[in-house]
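Observations on chain architecture
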Amino acid sequence: MNIALIISIITTLPNILADQQFVIEPEDVTAVLGTHITLPCRVTSKQGVLQWTKDDFGLGTHRNLSAFERYSMVGNDDDGDYSLKIESVGLEDDAKFQCQVSPGPEGEPGIRSNFATLTVVVPPEPPIISHGEFYLATAGHEFELECSSTGGKPAAELTWLDGSGNTITTGVRNIKEPMPDNQRFVSKSILKIKPQKEHHNTTLTCQSQNTADRNLKTAQVNIEVKYAPTVQLTIENSNEPNNGIREGDEAKFYCLADANPNVITYKWFVNEELVVGDYTTEMIIHRVNRSHHTATVKCEVSNDIGEAEESTILNVIYPPVFKSPPKSVEADLKEEINLECDVDGNPLEIVWVHAPAAELNFHPRVVGTTNNLKIIVSNETAGRYYCKASVIGFPEIKSEANVYVKQAPKIESPSKQYGAKGDTLRLECIAFSVPKARHISWSFNGMEINTMSDRDYSILEDPSSPRLIKSTLIIRDSKDWHFGKYNCTVVNDYGVDVLQIDLMYQYNFQFLMIIVGATLVVITLVILVVLFLCCKLRRKTNQASNDEKLRYSDDDLTKHKISDRCWKESDGSSHSSDYKPDIKQGSSESDYSIASTNCAGSTLDIKERRGGSVPLAGPVDFPISYRHSAADYADTVDGYYPPKYVPNNYGYITHTDYARYCLPPTQKYATNRHISSSATSMDNNYIRSGNAIRQDNGLPAGNRGSLIV
C-alpha cells in the first residue's frame, strides 16, 4: 500500500469520522444605538453551508453579506470563525440572531446555534419641565409640575428632587407612552405639591436616565411662594421666672412677622379688645398692674394673601392681699369645719399656723399650705389659726381666725371689787361664752336684782363682741347696805357659770389726794426747819471750837476736831445711814460719844463730860427718803396708795413717820378665784388698774389686781 495514501487517510480520518458542531455560539447582547457589536459563531468540522438569520430571515452565505451593508461575517475559514459584525447599530437591528450550518454532502446533519437577542437601547432626551424655569405659587394652594423626557428605549426613569437634594416621593405620578415606532417611549412625571412658606425660593429638579445612559440629565424650576404672615411674639423686659412681669413695671411686646409680599398690617389686642394707638411691630403697657394678670395679649398681622396671629398670657407678679380673710368658727367637739383664706397674689404661697388655746407662748406649727384648711374640732385643735400669705420680693401678710369649742360660759372678772360710799359704783361681770350667752343676771345677798322695782340699780350690757360679754351693774348713790356679796350668773345653751363678787369699801380718791398734798407740805416745812437749825447749830459749834482752842491742849484740840467733823457729817444733805464714826477714848477730863442713827430716825447726841454732862445741843431729827420704783406698787393696801395717785416726784416718796417706812411696804394683791386656761381664747381680755380697763396682748387680767371703781 502506498505509504502516502495511508498517511492521508490517517490525517483525514478524524474529519471523516467527526460531525460538524459549534465551538462558540452567539449570546444575548444589548447595544446602544449607534455602537458596533459582534455576535460570535465558531464551528468545527464544518461540512455544510453557514449563514446567519435575523428573526429567522437568512442574511446570506457569503462573508460580505452584500445585501446588508452594515453586516458582515468576520474571521477565517481555517479557524471556523464566522462571527457576525454589525456596525452603527440601529433600532432595526433589535432582533433575534442565529448561526446555522446546513447538512454536509456526506449526509452530516445540519446544526443551529442558540438564538441571540440583540437589544438596542436608546438614551432619552434631556427632561423638560412644562412650566419653564420659574413658577409663582401661593401657599396653601395646590399646583402641578410636569416633567417629560422623550425617545428613551427603554423609557426614561424620571425623579424629582427638592431644594435640599432629597428625592420627592409624595405626590408624584409617572406615565410612560410609546412613540410611533413602538420602540422608544415618552416618559412623564407629574408632581402635585401644596406649597408652604418653606418652599419659597426653592429649586425643584427633575432628572432622567435609562440603561442606555447612566449619566443623569436634569431640568430645574424655581418656586416663589406667596404666603400669609407668620408671627413670633416676644416680651422684651421679662426678667422673672415664667416670663413674669412685676406689678408697676413697663412691658414691651414685639411682634416679628415674616410674609410675602412684605406689605404687612399690624393690630394689637388685650383680652380681644383692640389697642388704640399707632402700634406696628412694638406695643407697650407702661404700667402693668394685677388686672393684667392672665390677660391675653395678641398681635394680628395680615397681607394680601392672608393673616396670622400670635398671643401670650401675661404673668404679673404682685403682692398678696386678702380678698376675704378667714372667719372664726364655733363648733362642737368632733365636728369637721373648714377655714378658708381667700388671698390674691402671684405667685402665692399660703401657710396655716396653729396656736393652741392652752399655749400662751407657742411655737409656730404649720398645719396647712392650701387656701382651704379642714379641721376636726377638739380641745387640741381649738385655738387661734393664722393664715400667712407671701410672694417672693414682697412683705408677708397674715390674718387670724379662731376655732371655738362650744361649751358652758366662763366668767373672768375679779372676785373683789371696790367702791367708795356715796359714789355711783360699777360692778363688772366679764364672761367668755361660746355660743353667745342667752341670759345674764345679778343677785345681792341671794336675792335677784330687779332693776324695774329697785331704782338703786341699773344694768348695762356691752354687745360689742358676740363671745366676750360685759355686764355692768350700776349702783347709784351707794350706801352702806349696798356693800356685800353679789352674784353674776351667765347662761348659754351649754351650761352656766356663777361668780361671787365682793363689793368692798375704798376711800375717796380726792380725799386721799388732799391728805397726801397736806402731808407733803408738812414734810417740806419740817425739812426747811431742820436745815435752818443745823446751819445755826453749826455756826455755834464753830464759834465754841475756836474758843476752846485757846484753853485746851493739842490733844483736846484733836478731840474737838473729831467732834467738829461729826457735826459736819450731820448736815441735812447727808443720809443718816452714812454716820459711822469711830468712838475714840479721850482724856479723863472729857469724852465724846457719837450715836449713829437707825432706821427709826437720826439723832446725834454729843456730850462733853467735864465734871458734869453739858449737852451741846438737843436731839435733831433728820428726814430720810427712800427711792422706790413706781412699778413696785400696783394697788392699795391698808389705805396706802400707789404712786400713780400722788403728784409726780420723779421716783421719790417722802414720809414723816420714818420708822414705819423704813423699808418698802410689801404689796398684797387681791386674790381672785382661779381662771381656767381656756380664757386665753377670748376675743378681748382685760387688765384692770384704777377705773381703767385696758387690753394687754390678748391675755386676761386674772389676779393681777383689784378693780377700783
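What you see is a predicted model, and the numbers here were worked out from it, not measured in a lab.

Observations regarding a nonpolar patch on the surface
On the surface, Val-521, Leu-525, Leu-528 and Leu-531 cluster together into a nonpolar patch covering about 360 Å² of accessible area. Given a relative accessible area of 51%, Leu-528 falls into the exposed group.

Brief notes about the sheet that holds strand β14 (residues 143-152)
The strand order across the open sheet built from 4 strands is β12-β14-β18-β17, with neighbouring strands paired in antiparallel fashion. Strands with a single pairing partner mark the edges of an open sheet, and in this sheet they are β12 (128-129) and β17 (172-178). As defined by bridge partners, β17 adjoins strand β18 (residues 185-193) across 7 bridges and the pair is classed as antiparallel. Pairing of Pro-178 across the sheet is with Phe-185, part of β18.

Quick notes on the nonpolar core
Core analysis: the largest hydrophobic core is formed by 25 residues, its most contacted members being Leu-50, Trp-52, Leu-84, Ile-86, Phe-97 and Leu-118. Counting 23 residues, the second-largest nonpolar core is a separate cluster that includes Phe-253, Val-270, Ile-285 and Val-316.

A closer look at the pairing of strand β39 (residues 425-434)
Here β39 lies mainly inside the structure; 9 of its 10 residues are buried. Note that strand β37 (residues 407-411) and β39 share 3 bridges and pair antiparallel. Each residue of the ladder has a partner; that of Gln-407, found in β39, is Val-434. Pairing of β39 with strand β43 (residues 468-475) involves 8 bridges; the strand directions are antiparallel. The residue of β43 that forms the bridge with Leu-427 is Leu-473.

Rules of the game
Residues numbered from 1 in each chain as written. Predicted model: local features only at pLDDT ≥ 70, side-chain atom pairs only at ≥ 80, totals over all residues. Heavy atoms only, no water. Patch = residues over 30% accessible without salt bridge, like charges linked within 9 Å, V, L, I, M, F, W, Y side chains within 5 Å. Areas by Shrake-Rupley, 256 points an atom, 1.4 Å probe, with all protein chains shown as cover. Salt bridge = Lys/Arg side-chain N within 4 Å of Asp/Glu carboxyl O. Buried < 20%, exposed > 50% of the residue type's maximum accessible area, 1.4 Å probe, protein only. Pairing = 2+ DSSP bridges. Helix = DSSP H or I, 4+ residues; strand = E, 2+ residues; numbered from the N terminus. Core = buried A, V, L, I, M, F, W, Y, C linked by side-chain atoms within 4.5 Å.

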